[in-house]
Amino acid sequence: MREHSLLCGPAPTAAEAPDPTPKLRLAQVLASMPDAAEEMGLFGRWWCDTQTGQWVLSTGAARLLDVSAGLHRTALSCFEQVVPDDGPALMTDLGPLLEPGHVIDAEFRTIHELAGLRWLRLVSAPQLLPEPAVQTGLLVDVTPTRLAAMRERFCFKSTQFLIGTPTLGEAVTKVIQLVCENLGWECGAYWSLQQEQMGNHRLTCQYEWHKPDDSPASFIADTAALSLAPGEGLVGHVWSAMRPAWVEDMLNDQDFLRRQSAQACGLKSGYAFPVSQVTVDGRRHSHGVLEFYSRLSRQREAQLPSLSITIGALIAQTVQRIEQQELIRQFAQVDDLTGLTNRKHFHHLLDAACTRATASGSSFAILNIDLDRFKLINDAFGHEAGNLVLHEFAQRLQGLELDGCAVGRLGGDEFAILMAPDCSLAQLQATGERVLLAARRPFLYESQELTVSASVGVSIFPDNGGSGSELMRSADAAMYRRKHGGRNGVSFFSNGTAETLAEQRSALARQLTMEAELHRALVSDEFFLEYQPIFDRDAEHMSAVEALIRWRKPNGEVVRPDVFIPVAEQSRLIVQIGRWVVTQACHDLARLHRAGFTDLQVNVNMAAPEFVNASLPGELMTVMAACGVAPRHLCLELTEGLVMKQPDKVIPVMAALRQQGFKISLDDFGMGHSSLSRMKKLPISSLKIDRSFVSGLPHDRGDAAIVRTILDLGRHMKLQVIAEGVETDAQLIFLRQFGCSLIQGFLLSRPKTVSDLMALQPPKTRKIS
């Protein structure tokens, strides 16, 4: 094994560098001999001594590599102009030169001070020298071939970007990145003409891209802050002349306005060209200017000019296409006066929301808004004043910044808001109050303050209507009830009697109060957990515990889960509460493991929104790592109905959880409507028989048949089966007789605190497989 390597460090100094070996002297003679083909710049020759790592380059090879001809002490001095990204791969390819007779065929790029980016190919040639330790070969310039292929590929990719992206900014930015990465430029920007507040038109930078190393950041910031009149600076000149232009020396070009930031970033040259197209009547229409900058003093031999006409025309066509599409969209979807969604498009959005909510089992609401006393303004001050009020009120509605909502004008002084899915009643009430406040603020017309108020009607899908038209009728009815009841308020739809309405208002008040209390409970640590043991069939070994949440208010009152969990689900607090349960249960489980319950498993009920969250597996792994608990010790329980409601979203999350090692139990099995064909594909580890079937055992023949079927199903599918709600000896005997593997219920144990569990004997735990 030779100690020498071609990939050696810096070349030795002249004082310490050895003379060329005898093996290379003949190569030096050959290298100095004139060659007509080399002089035409077609190729060059090279020789390498595999013993010493010394190289000899002919005049042609040296010219292509932009280094000196003759002897080179190391490979690095031959290839110092190679693009950094290609250097490691090239040196790896050169490594086998140490083995005599090995064939080399490597391609790489170089940056030439004058010629720009070049592609070269290094190949071994048949042995021409009598010395077997000297490898020889050719260096060929393959730039024309690569450029031809690159142009074709570049134009294809550019066309893909410009046709396949919905916005001009995304498309142009991708094209700028494509140019920089493929043609060796540091950064690029797109300028277009914009109208300023005073009515003047100036060129400003709209989109830019630069390499991720942030080195041109100050130049880009300077570019973003600059605005140019047509004819001013490089960009203004290109815009006005509609011709490309070079900046060959940015540091000394007095007409270039960003000299200081260019010098700070090491930029030396630039190229700008118009983005324009020829219209059908033969006139050239300019849309903008593209500019690119480099750290090299690049001359006209660079490759970008040959592509600029194509790039500019493609972008210009894209600008025209997007402008036409936006104009069509404005006519079809936008209200002229207010800029809001128009009536037709709002109803289209509403119908689409109904379809999505039906498929996902979610709910949403609409707010129907009517301005009070608006007709008086029209009658007293004219339609111009009325239009001002409508336009200003529309802007105020948009200023509410309601994420995931759509705001529309239905006609006249009537507006509507399509709310995001699953908003709580409290959120709907709060949004309605913000709308009322926006309407009550005075409007100024010719120094005259105009005041109106608003009546807001709210309807909720699917409770108040199963279609868009039904929801709008319900919201309209609620809004008119509000008008007849005194205006300037929010009314929720109801078709009941006065007594029913009073009950609904009371229930709403109770729900809003409980939502506020639940928020406080999370912050004030008012929740705690109890654990109900799950035993094996012999009722002797505790295999797992189910975490059950409890809420103790500051006054000592304990609120039942069946009271506060539905409110938490409606307000979306259930996700935060569920995450608290998982974290606390894992902390408690870690304590139990340290106390000797080494294989104990904890079962946690998961809320519906959790299992449609693709990031759930990663978030749970973070919790497990923080608590020091392995995923196999956590079993997540979800209902059969949840899986069947949104299988396309839930099952992939389940599969990812199982892959991470978590267990999954199908809760309340038998209460849903799952088909056996779908169930056999579910990535679950156990089934839980619903307590409603266990309660009838052993005397109810229907319950007995269902339980035996579930037990047989679990046994054949190799799933653990848990029977919950076991409260009598007769139920336990029946379950044992027919092979139920796990038992849970008051007969064996009531829920216990973690301290009570730790008081049990650790040997009574057994691992669930």
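Since this is a predicted model, take the numbers as computed values, not measurements.

**Some remarks on the side chain of aspartate 370**
Stage number 1. Examined against the element boundaries, aspartate 370 turns out to sit in strand β13 (residues 364–372).
Stage number 2. Looking at aspartate 370, its side chain comes within polar contact range of the side chain of lysine 483, at 2.9 Å.
Stage number 3. Residues contacting aspartate 370, with those up to four places away along its chain left out, are Asp413, Glu414, Ser453, Ala454, Ser455, Met479 and Lys483.

**Things to note about the packing of aromatic side chains**
Stage number 1. According to the stated counting rule, one finds 19 aromatic pairs in the structure shown.
Stage number 2. Summarising the aromatic geometry, the rings of tyrosine 190 and tyrosine 207 are spaced 6.0 Å apart at their centres and angled 15° between planes, so their arrangement reads as stacked. Of this pair, tyrosine 190 sits in strand β7 (residues 187–195) while tyrosine 207 sits in strand β8 (residues 201–210), placing them 17 residues apart in sequence.
Stage number 3. Relative to phenylalanine 461, the ring of phenylalanine 364 lies with its centre 5.2 Å away and its plane at 15°, an arrangement referred to as stacked. Of this pair, phenylalanine 364 sits in strand β13 while phenylalanine 461 sits in strand β18 (residues 453–461), placing them 97 residues apart in sequence. Each member of the pair, phenylalanine 364 as well as phenylalanine 461, carries the same accessibility label: buried.
Stage number 4. In textbook terms, an aromatic cluster arises when at least three aromatic residues are bridged by ring pairs, as seen for Trp185, Trp246, Tyr271, Phe273 and Phe292.
Stage number 5. Directly above the ring of phenylalanine 443 sits arginine 396, whose terminal nitrogen or CZ lies 3.9 Å from the centroid.

**Digging into the packing of helix α12 (residues 343–360) against helix α16 (residues 468–484)**
The relative placement of two packed helices is expressed as an angle between their axes plus a distance between the axes.
Stage number 1. It is at 9 Å that the axes of α12 and α16 come closest, and there the two elements cross at 110°. By the criterion of interaxial angle, the relationship of α12 to α16 is roughly perpendicular. Facing Phe346, His347, Leu350, Asp351 and Cys354 of α12, the residues of α16 in contact are Gly468, Leu471 and Met472.
Stage number 2. Residues that form the contact of α12 with α16 fall into these classes: 5 nonpolar, 2 polar and 1 charged.

**So, unusual backbone geometry**
Glycine aside, the phi torsion of most residues is negative, and most peptide linkages are trans.
Stage number 1. Geometrically, the link from phenylalanine 461 to proline 462 is a cis peptide bond, its omega value of 0° lying close to zero.
Stage number 2. Although it is not a glycine, aspartate 525 sits at a positive phi angle of roughly 60°.
Stage number 3. Along the chain, aspartate 525 turns up in the loop between α17 (498–524) and β20 (527–536).

**Some thoughts on helix α9 (residues 233–241)**
One full turn of an α-helix is made of 3.6 residues, so residues set three or four places apart face in the same direction.
Stage number 1. Taken residue by residue, α9 has Leu234, Val235, Gly236, Val238 and Trp239 as its buried positions.
Stage number 2. Summarising the contacts, the buried residues of α9 are in contact with β7, β8, β9 (227–228), β10 (245–247), β11 (269–278) and β12 (284–294).
Stage number 3. Looking one or two places after α9, you find methionine 242, whose phi comes out positive at around 55°.

**A word on the nonpolar core**
Stage number 1. By size, the foremost hydrophobic cluster in this structure holds 77 residues, and its most contacted members are Leu518 and Phe611.
Stage number 2. The greatest single-element share of this core, amounting to 11 residues, is contributed by helix α19 (residues 573–594).
Stage number 3. When residues no more than four places from it in sequence are discounted, the contact partners of leucine 518 are Phe527, Trp551, Phe564, Val567, Ala568, Leu573 and Ile577.
Stage number 4. By size, the runner-up hydrophobic cluster in this structure holds 35 residues, among which are Val389, Ala394, Leu428 and Val456.

**Section: the sheet that holds β7**
Stage number 1. One open sheet accounts for 6 strands, arranged β9-β8-β7-β12-β11-β10; its pairing is antiparallel. Single-partner strands in this sheet number two, and they are β9 and β10.
Stage number 2. Sheet topology places β7 next to β12; 5 bridges connect them, and they run antiparallel. Bridge pairing links glycine 188 to phenylalanine 292 in β12.
Stage number 3. In the packing of helix α7 (residues 168–183) onto the sheet, the strands contacted are β7, β8 and β12, and the crossing angle to β8 comes to about 60°.

**Concerning the pairing of β13**
Stage number 1. With respect to burial, β13 is a largely interior element, 9 of its 9 residues being buried.
Stage number 2. Burial along β13 is two-sided: Phe364, Ile366, Asn368, Asp370 and Asp372 facing one way and Ala365, Leu367, Ile369 and Leu371 facing the other are all buried.
Stage number 3. Note: β13 against β18, 9 bridges, orientation antiparallel. Directly across from aspartate 372, in β18, lies its bridge partner serine 453.

**Quick notes on the confidence of the model for the chain**
Interpretation of this model should avoid reading the predicted coordinates in detail wherever pLDDT is low.
Stage number 1. Across the chain, the average pLDDT comes to 83, with 86% of residues at or above 70.
Stage number 2. Mean pLDDT values for the elements of the chain range from 63 in helix α1 (residues 22–32) up to 95 in strand β15 (residues 414–418).
Stage number 3. A low-confidence stretch, residues 1–17 (pLDDT under 50), is modelled with 28 contacts involving residues beyond four sequence positions or located in other chains.

Cut-offs applied
- Residues numbered from 1 in each chain as written.
- Predicted model: local features only at pLDDT ≥ 70, side-chain atom pairs only at ≥ 80, totals over all residues.
- Heavy atoms only, no water.
- Helix = DSSP H or I, 4+ residues; strand = E, 2+ residues; numbered from the N terminus.
- Polar contact = N/O pair within 3.5 Å; in protein donor to acceptor, adjacent residues only side chain to side chain.
- Contact = heavy atoms within 4.5 Å.
- Phe/Tyr/Trp six-rings, centres within 6.5 Å; stacked < 30°, edge-to-face > 60°.
- Buried < 20%, exposed > 50% of the residue type's maximum accessible area, 1.4 Å probe, protein only.
- Lys NZ or Arg CZ within 6 Å of the ring centre and 35° of its normal.
- Axes fitted to C-alpha atoms, helices over the stretch in contact; angles between N-to-C directions.
- Parallel < 35°, antiparallel > 145°, perpendicular 65-115°, else oblique.
- Nonpolar A, V, L, I, M, F, W, Y, C, P; charged D, E, K, R; others polar.
- Core = buried A, V, L, I, M, F, W, Y, C linked by side-chain atoms within 4.5 Å.
- Pairing = 2+ DSSP bridges.
- pLDDT = per-residue confidence, 0-100.

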